[in-house]
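A structural walkthrough
Here is how the chains run, residue by residue.
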Amino acid sequence: MILDYNECQKIMDSFNNRIITEKPPLAYTNNEKLPIRHFTLGNGKKHIIVTAGQHSNEIITVTFVLNLMNYLIKNNISFESLTIHFIPILNPEGYLINTSAIRNKLGRNTTENEITKFSYEFYKKFKSDTQNKDSKTKEHQLMFKDINHTSINSKYNILRNNVEEILSNHPKGSIIDWASNGNGIDLNSNTKKRIVKPNEYNWQLVYNNIRLDIPSPIGHPGNNQSNNFKNELEITSLKKLLEELKGNIFGLLNYHSIGGIIYQRPESNNEFITTYNYLLSKYYQEYTIKNKGTYDIIKDKSGKIVSVNDHLRINYPGNILIELSPMMGNPIGVFGDKNNYNTTIQSNINSFIYTMTNIDRILSLTNNILQKQNNIDNIYQYIDKIYEQENHIKRSH
Ligand SMILES: [Zn+2]
């Protein structure tokens with residue numbers, strides 16, 4: 001279930017086959033020149049991009065995409081009008097850091113059951129940390145208090161030294177919260193819009209005691225208030241791919257890990273994007289499972305742009321951010337309940353396939369709606385109504 005960096009590479013090595021093609025990497029990372037691997041499925045004119053592991057502690061996103069690719073290969077599934085791009089690990093150095101820490105703690109000979117038990121323990125501690133926001137120590141970090149940069153193989157010497165230096169400013173055990181890239185920069189916060197004040201701590205109090213204003217395991221946007229701000233390489237290389245495909249992108253599924261939520265906001269003034277994204281979210285929602293219902297779709301009219309994903313969302317149609325697991329506790333809490341894990345993976349595979357099968361339908365519905373409605377509130381209501389009608393027809397068949 002929990003795959004470390006090398007195990008993921010081996011699985012990806014098996015992917016160049018009759019239906020999936022490996023393309024040249026998007027780029028090689030700054031420190032250790034690790035490839036950001038890129039695969040495609042199908043040759044259709046409409047392009048869909050799937051990314052996972054932007055936040056490296058959200059390891060279930062990588063597990064999910066690798067499982068999804070395996071499932072498509074095994075069942076020989078591709079989609080006629082689509083080319084699907086898979087980027088299973090957008091942040092390889094971060095993934096290496098986080099999973100090396102886990103591997104070091106768990107050892108190599110731990111059984112599945114022991115891993116599940118340990119992960120559930122972590123989940124409980126994480127949950128109590130969330131509830132005891134003011135506590136000076138974080139229980140989930142204490143479980144990893146003896147784990148540090150030395151868990152990273154010494155052949156990754158540059159990265160190891162970087163991590164040692166960065167961690168020296170943060171609590172013991174906070175390597176387990178590592179969501180950033182190898183430079184200690186959070187790839188979704190890596191925008192000029194994210195304002196961080198000196199000495200500021202993480203807004204997510206579960207990660208309290210980790211500073212935001214310096215390179216850190218999570219939340220640091222980079223030196224973004226200076227004039228020479230640049231996006232990190234992982235983001236510029238993704239943007240380069242998106243620019244190449246501009247005009248032909250109809251989906252950008254950006255996987256994150258906690259909540260069972262689909263984010264499709266903020267709406268841009270672009271009615272096509274607004275309509276298309278909401279419809280796409282409705283289709284994706286269909287097979288998701290959270291408690292007795294489905295994932296929530298966030299549709300507030302916030303208009304706020306505070307993350308890299310928000311930037312992408314106003315520029316390319318079909319960008320939805322999916323928070324996979326209804327259960328909390330990155331990176332391993334979500335593996336603490338086999339039922340939650342299996343349901344999360346399988347239901348999202350079903351949702352993905354259902355959505356991809358319906359891309360042409362979603363597009364033609366969008367164009368129909370835009371001929372009749374132009375106010376955003378009306379569009380939302382109208383979509384809810386016609387989607388209900390469609391499903392009613394579908395279910396009665
Ligand atoms: Zn995330």
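Presented here is a report on the structure given in the accompanying data block. Residue numbering note: each chain is counted from 1, following its sequence as written. In keeping with the model being predicted, local features are shown solely for residues with a pLDDT of at least 70 and side-chain atom pairs are shown and tallied solely at 80 or more, while totals for entire chains, interfaces and linings include all residues.

**Describing the overall build of the protein chain**
Here a strand is any run of E in DSSP of at least two residues, a helix any run of H or I of at least four, and the numbering for each starts at the N terminus. Per the secondary structure count, the protein chain includes 12 helices and eight strands. With the radius of gyration taken over C-alpha atoms, the globule rule is written as 2.2 Å times the number of residues to the power 0.38. In terms of C-alpha radius of gyration, the protein chain reaches 21 Å, essentially the compact-globule figure of 21 Å for 397 residues. Principal-axis analysis of the C-alpha atoms gives the protein chain an extent of 60 × 45 × 40 Å. Exposed residues have 12 or fewer other C-beta atoms within 10 Å of their own C-beta, buried residues have 20 or more, and residues in between are partly exposed; the C-beta atoms are placed from the backbone. Residues counted as buried form 48% of the 397 residues belonging to the protein chain. With C-beta atoms placed from the backbone, a contact is any residue pair whose C-beta atoms sit within 7 Å. By sequence separation, contacts in the protein chain at least 24 residues apart represent 78% of the contacts at least 6 residues apart.

**Description of helix H3 (residues 92-106)**
In this model H3 runs 21 Å from its N-terminal to its C-terminal C-alpha over 15 residues, within 8% of the 21 Å that 1.5 Å per residue would give. With 12 of 15 residues buried, H3 lies mostly within the body of the structure. All buried positions along H3 are accounted for by Pro92, Glu93, Gly94, Tyr95, Leu96, Ile97, Asn98, Thr99, Ser100, Ala101, Ile102 and Arg103. Lining the buried residues of H3 we find helix H1 (5-13), helix H2 (59-74) and helix H6 (157-167). Looking one or two residues beyond H3, the residue adopting positive phi is glycine 107, at roughly 75°. An expected span of 1.5 Å times one less than the residue number is assigned to each helix.

**Details of the packing of helix H8 (residues 271-285) against helix H11 (residues 359-372)**
How two helices sit against one another is set out by the angle between their axes and by the gap between those axes. Put simply, H8 and H11 touch, their axes get as near as 9 Å, and they point 135° apart. Between H8 and H11, the angle is such that the two are oblique. You can see that H8 and H11 cross each other, and the crossing is right-handed. Residues Glu271, Phe272, Thr275, Tyr276, Leu279, Leu280 and Tyr283 of H8 pack against Ile362, Leu365, Thr366, Ile369 and Leu370 of H11. Under the grouping applied here, Gly and all other residues not named as nonpolar or charged are polar, the nonpolar ones being Ala, Val, Leu, Ile, Met, Phe, Trp, Tyr, Cys and Pro and the charged ones Asp, Glu, Lys and Arg. By residue class, the composition of the contact of H8 with H11 is nine nonpolar, two polar and one charged. To get an axis, fit a line to the C-alpha atoms, keeping to the stretch in contact for a helix; angles then go from 0 to 180 degrees between the N-to-C directions. Relative orientations are named as follows: roughly parallel for angles under 35 degrees, roughly antiparallel for angles over 145 degrees, roughly perpendicular for angles from 65 to 115 degrees, and oblique for any other angle. Handedness of a crossing is defined here by the sense of rotation of the near helix relative to the far one, left-handed for an anticlockwise turn of less than a right angle and right-handed for a clockwise turn.

**Overview of the sheet that holds strand S8 (residues 319-325)**
One open sheet holds the eight strands; their spatial order is S1-S2-S4-S3-S5-S8-S6-S7, and the pairing between them is mixed. A single partner strand is all that each edge strand has here, and the edge strands are strand S1 (20-23) and strand S7 (296-298). Neighbour to neighbour, the strand axes of the sheet diverge by 20° on average, direction disregarded. Note on pairing: DSSP must find at least two bridges between two strands before they are called paired. One ladder, built from five bridges, connects strand S3 (residues 46-51) with strand S5 (residues 249-258); its direction is parallel. Bridging across to S5, valine 50 finds its partner in leucine 253. Packing of H2 onto the sheet brings it into contact with S1, strand S2 (38-41), S3, strand S4 (82-87), S5 and S8, and relative to S5 it is tilted by some 130°. Here helix H10 (residues 338-357) sits on the sheet and contacts S3, S4 and S8; the angle it forms with S8, its principal contact strand, is near 155°.

**Regarding the pairing of S2**
The two faces of a sheet get side chains in turn, since along a regular strand they alternate between them. Where S1 meets S2, four bridges bridge the pair, whose relative direction is antiparallel. Counterpart to lysine 23 in the pairing with S2 is histidine 38. Inspection of the sheet shows S2 paired to S4 by three bridges, in the antiparallel sense. Looking across to S4, one finds that threonine 40 is bridged to histidine 85.

**Quick look at the environment of tyrosine 380**
Along the chain, the position of tyrosine 380 falls in helix H12 (residues 376-396). We classify tyrosine 380 as partly exposed; it has 18 C-beta atoms within 10 Å. Other than its neighbours up to four places away in sequence, tyrosine 380 contacts Tyr278 and Lys299.

**Here's the deal with H2**
When the terminal C-alpha atoms of H2 are compared, their 23 Å separation across 16 residues agrees well with the 22 Å that a helix rising 1.5 Å per residue should span. Along H2, the residues classified as buried are Ile59, Ile60, Thr61, Val62, Thr63, Phe64, Val65, Leu66, Leu68, Met69 and Leu72. Downstream of H2 by a residue or two, asparagine 76 has a phi angle that is positive, lying close to 55°.

**Digging into the environment of tyrosine 287**
Structurally, the position occupied by tyrosine 287 is in the loop between H8 and S7. Placed 61 residues apart in sequence, tyrosine 287 and asparagine 348 show a C-alpha to C-alpha distance of 7.1 Å. Apart from the residues lying within four places of it in its own chain, the contact partners of tyrosine 287 are Ser347, Asn350, Ser351 and Tyr354.

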